[in-house]
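# Understanding the architecture of this molecule
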Amino acid sequence: MSYTGPDFEPPRPELSGRPDRPRRWPAVAGVALVSGALLGWLVYEATASSDSSGGPGSDRAAARSAASGSPSGPAAATPPSAPGSPSRSSAPAGSSAPADDDGKRSGGPALRGPLRGKVVVIDPGHNPGNFRHPAEINRKVDIGTNRKECDTTGTSTNAGYPEAQFTLDVAHRLRTLLEQQGATVKLTHDDGTPSWGPCVDERARIGNDAHADAAISLHADGSAAGNRGFHVILPAAVHSGAADTRPIAAASKRLGTMIAGDFVRVTGEPPSNYIGGGTGLDTRQDLGGLNLSTVPKVFIECGNMRDSVDAARLTSGNWRQKAAEGISEGIVSFLGG
Ligand code: ZN
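An account of the accompanying structure is given in this report. (Residues numbered from 1 in each chain as written. Predicted model: local features only at pLDDT ≥ 70, side-chain atom pairs only at ≥ 80, totals over all residues. Heavy atoms only, no water.)

## Concerning unusual backbone geometry
As a reminder, the rule being used: Counting from the N terminus, the helices are the DSSP runs of H or I reaching at least four residues and the strands are the DSSP runs of E reaching at least two. Residue burial is assigned from relative accessible area. The probe radius is 1.4 Å, only protein chains are included, and a residue is buried under 20% of its type maximum, exposed over 50%, and partly exposed in between.
A cis amide bond, omega -5 degrees, links threonine 193 with the succeeding residue proline 194. You can see proline 194 is positioned in the loop between strand E4 (184-187) and helix H6 (200-209). Here glycine 197 and proline 198 are connected by a cis peptide whose omega angle stands at 5 degrees. Here proline 198 shows up in the loop between E4 and H6. Positive phi is not limited to glycine here, since aspartate 191 has a value of about 55 degrees. Relative to the helices and strands, aspartate 191 is located in the loop between E4 and H6. Aspartate 191 sits in the exposed class, given a relative accessible area of 66%.

Shown next, in the form of structure tokens:
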């Protein structure tokens, strides 16, 4: 894979009109015009309902727990709106961030803002240097439920734009946005330090040691062409060895649900058509970065790098800014902003 990732801004193609597998437009797309708290609630409800159907790796117990005490009216009856139709300014309330913000450091947290006093850890998935350290990243580490590779190289677009560059770029943009909201932000790695990794167990530990109020691991997927859309990965409630996510499963689900709702609204990216049954949410128990977390944490796969439509978005700086804004707004919603 190449490191000469394009800085180009390819034209954004129209959504493919070719026959595709049937898409089940989820509630999160259908309520794209609904504002803030109501949107979060509707998505939350839709998620709680859809989880009852279960799927490989789904966490029914957590879904029931999270949904307890709340009515479970379906939110999926709303017909879908057109994708790609963010409906309001994507800048966080009170933010003056320009749309073409390049993610440069803003000089630390703002003195005031809804996230003042909050700590957010951003984990840019993989590391651009992992390719040069196969022995180190292939070393197995204990993730509680299993032993897995320390880290992986990540995927890339067909044109060679590496996932590890994408995740760092979005991390920088997200850091700027969160700091503008007053948060203290820490990245698990940055600017080639360390030169590979960290291992997945260390990525979790960084969030734990920071006593993060929220943590997010940024990724883009490497699935087959035609598989499109984003999904947020939630930790299953596991208790095995060093892994005990029971205390954070419900909060992580709230965090992930809010991020999914804001991400679809701001970016227009549809929820995955190949994972999560159209909800944009998936629950897993095989990811060390989640299993070993003691703070609310989710992963987001922002799109599929191997699909040409998604790749055009993922390689666009303007779209990556929207991605960062969607994630930021979800974190602000979760932290009570
Ligand atoms: Zn990844």
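Picking up where we left off.
## Concerning the pairing of strand E6 (residues 231-235)
So the rule is basically this: Strands were regarded as paired on the criterion that DSSP finds at least two bridges between them.
Among the five residues of E6, five are classified as buried, and the element is accordingly described as predominantly covered. Burial along E6 is two-sided: His231, Ile233 and Pro235 facing one way and Val232 and Leu234 facing the other are all buried. Examined bridge by bridge, E6 and strand E10 (residues 297-304) share three bridges and lie antiparallel to one another. Across the sheet, histidine 231 pairs through a bridge with glutamate 301, a residue of E10. Where E6 meets strand E9 (residues 281-284), four bridges bridge the pair, whose relative direction is parallel. The residue of E9 that forms the bridge with isoleucine 233 is aspartate 282.

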